[in-house]
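# Understanding the architecture of this molecule
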Amino acid sequence: MTKPASFEDAGAVLDVSLSALKSNYRLLAKQAGAARCGASVKADAYGLGASSVAQALAEEGCRDFFLAHPSEAKRLVGLVPDDARLFVLNGLPKGTEALTADLPQLVPVLNSVAQAEAWAVESQRQGRALPAALHIDTGMSRLGLSAGEAMRLKQEGLLSRFDLQLVMSHLASAEDAGAVSNKRQLDAFIAIRVAFADVPASLANGSGVFLGAAYAFDLVRPGAALYGLNPQANTTNPMHQVVRLSAPVIQNRMVEAGASVGYNGIFTAPRAMPAATIAIGYGDGWLRRAGGLAGFFEGVRLPIIGRISMDTTVLDCSALGKRLLQPGDHVELLCESQTPDQVAAASGTIGYEILTAIGSRVRRNYVA
Ligand SMILES: *Cc1c(COP(=O)(O)O)cnc(C)c1O
């Protein structure tokens, strides 16, 4: 344990391996064949830090970044190469057309007839064809135009009033290779695409990249798989682990037999046990319902005991024998022995939520 250089240094840390991230990008790009490989870096790159992640991926040749909100895209202007595109998946918020047009790298994903019409008007006002993507719904009923609406806009000539760079759709169950909806959505996308044969197309998220070559089209949009989550359920994860979450011990004690631990005393020590309190809790995004899990110290599993608090979690350190953890020792919570996917399965959620929940009190540390 080295002396912390700052207060932040003395707290919980999310280590992000940029080399593992880059390997994952290369694996996905290879799997996508001739299609371009983009990256979903919305929600601060799923909690890992969008600016560092986007810059690392740009070094691997990535030029197509997907954000949810225009504010997220704006933050990457100047950080990604000038020839990179920043797609805004949630669409073009009403009234932001001129602001969006001012940032030429932003490509709004038009999700409705009204957005397409507003973008055509803005293009006319600016006297140039502004870049756009068009999202066509093929079975999620979440975002995008219906196939009928897209056809009508095309026939009316509206889509030629801006620079349509991509037609896209999104799969509802791509992580389940056996889901019948995948093929159904693929067929629907192929059918509508006929009308847009001259425009590059994109259907696959990271999971979709593993459904076969037919799903890749011209551009794929992986997110979670880049960050190490398993893109396909019930298979061995082909991705490298990218994150490691650890928190420092801030106090240790011997819990006497019969004493209870934490709020509401849901755990009572069956025997005297050494315990360590670490500086992480649900206020850091370490979910309160993750109670059945453990911390790991030098590979030794230390079960969580009692309720997870907002700022602290208590571990049973019996497995370390005579060795007592000391304040400043770091205990791992996300690591090879306890991956985000495993924490998610034990907490009734998905790895995406485990990563995006990690809060701003946790320092991001980028390692090669
Ligand atoms: C979030 C998102 C992605 C990335 O999905 P992953 O499952 O993380 O690979 C791709 N496309 C759209 C439309 C999205 O919303």
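Residues numbered from 1 in each chain as written. Predicted model: local features only at pLDDT ≥ 70, side-chain atom pairs only at ≥ 80, totals over all residues. Heavy atoms only, no water.

The protein chain is annotated in an unreviewed UniProt entry as Alanine racemase from Mesorhizobium liriopis. In its Sequence similarities (unreviewed entry) section, the UniProt entry covering the protein chain states "Belongs to the alanine racemase family." Comment text from UniProt for the protein chain, heading Catalytic activity (unreviewed entry), reads "L-alanine = D-alanine". (UniProt positions renumbered as here; feature names shortened; annotations may be inferred.)

### A closer look at the UniProt feature "domain: Alanine racemase C-terminal" (unreviewed entry) in the protein chain
As annotated in UniProt, the feature "domain: Alanine racemase C-terminal" (unreviewed entry) corresponds to residues 242-367 in the numbering used here. Structurally, residues 242-367 comprises 12% helix and 37% strand, and the distance from its first C-alpha atom to its last is 10 Å. (Helix = DSSP H or I, 4+ residues; strand = E, 2+ residues; numbered from the N terminus.)

### What to know about the pattern of salt bridges
One pass over the full model with this rule turns up 16 salt bridges. One salt bridge in this structure joins Arg244 and Glu332, with 2.3 Å as the shortest N-O distance. Here the residue Arg244 occupies a position in strand β11 (residues 243-255), and Glu332 occupies one in strand β18 (residues 330-334), the gap between them amounting to 88 residues. Residue classification places Glu332 among the buried positions, given a relative accessible area of 18%. The salt bridge involving Arg289 is made with Glu353; its shortest N-O contact spans 3.4 Å. One end of the pair, Arg289, is in the loop between β14 (273-278) and β15 (294-297); the other, Glu353, is in helix α10 (residues 351-357), with 64 residues separating them in the sequence. Residue Glu353 is classed as partly exposed on the basis of its relative accessible area, which comes to 35%. Counted as one network, the salt bridges with shared partners bring together Asp15, Arg244 and Glu332. (Salt bridge = Lys/Arg side-chain N within 4 Å of Asp/Glu carboxyl O. Buried < 20%, exposed > 50% of the residue type's maximum accessible area, 1.4 Å probe, protein only.)

### A look at the pairing of strand β8 (residues 163-168)
For β8, the tally of buried residues reaches five of six residues, placing the bulk of the element in the interior. Summarising the sheet, strand β7 (residues 131-135) and β8 pair through five bridges and their orientation is parallel. Looking across to β8, one finds that His135 is bridged to Met168. Crossover connection from β7 via helix α7 (residues 147-155) to parallel β8: handedness right-handed. Pairing of β8 with strand β9 (residues 201-202) involves two bridges; the strand directions are parallel. Bridge pairing in β9 links Val167 to Ala201. (Pairing = 2+ DSSP bridges. Right-handed = clockwise from strand over helix to strand, strands pointing away.)

### Let's talk about the site of the ligand
Taken together, 14 residues surround the ligand, and among them Lys42, Tyr46, Gly206, Ala224 and Tyr352 come closest. Interatomic distance of 2.8 Å between a backbone N/O atom of Gly206 and an oxygen atom of the ligand. In terms of residue class, the shell around the ligand is built from six nonpolar, five polar and three charged. (Near = heavy atom within 4 Å. Polar contact = N/O pair within 3.5 Å; in protein donor to acceptor, adjacent residues only side chain to side chain. Nonpolar A, V, L, I, M, F, W, Y, C, P; charged D, E, K, R; others polar.)

### A word on the domain arrangement of the protein chain
Domain boundaries assigned for the protein chain yield domain 1 (32-227) and domain 2 (243-367). In this structure, domain 1 and domain 2 have C-alpha centres spaced 39 Å apart. The interface is formed by eight residues belonging to domain 1 together with six residues belonging to domain 2. Taken together, both faces of the contact between domain 1 and domain 2 bury some 710 Å²; the carbon and sulfur share is 62%. The interface formed by domain 1 and domain 2 holds zero salt bridges in total. The tally of links between domain 1 and domain 2 comes to two residue pairs in polar contact (both at pLDDT 80 or more). For the side of domain 1 that touches domain 2, the class distribution of residues is five nonpolar, three polar and no charged. (Domains from an automatic or database assignment. Contact = heavy atoms within 4.5 Å. Buried area = accessible area lost by both parts, 1.4 Å probe.)

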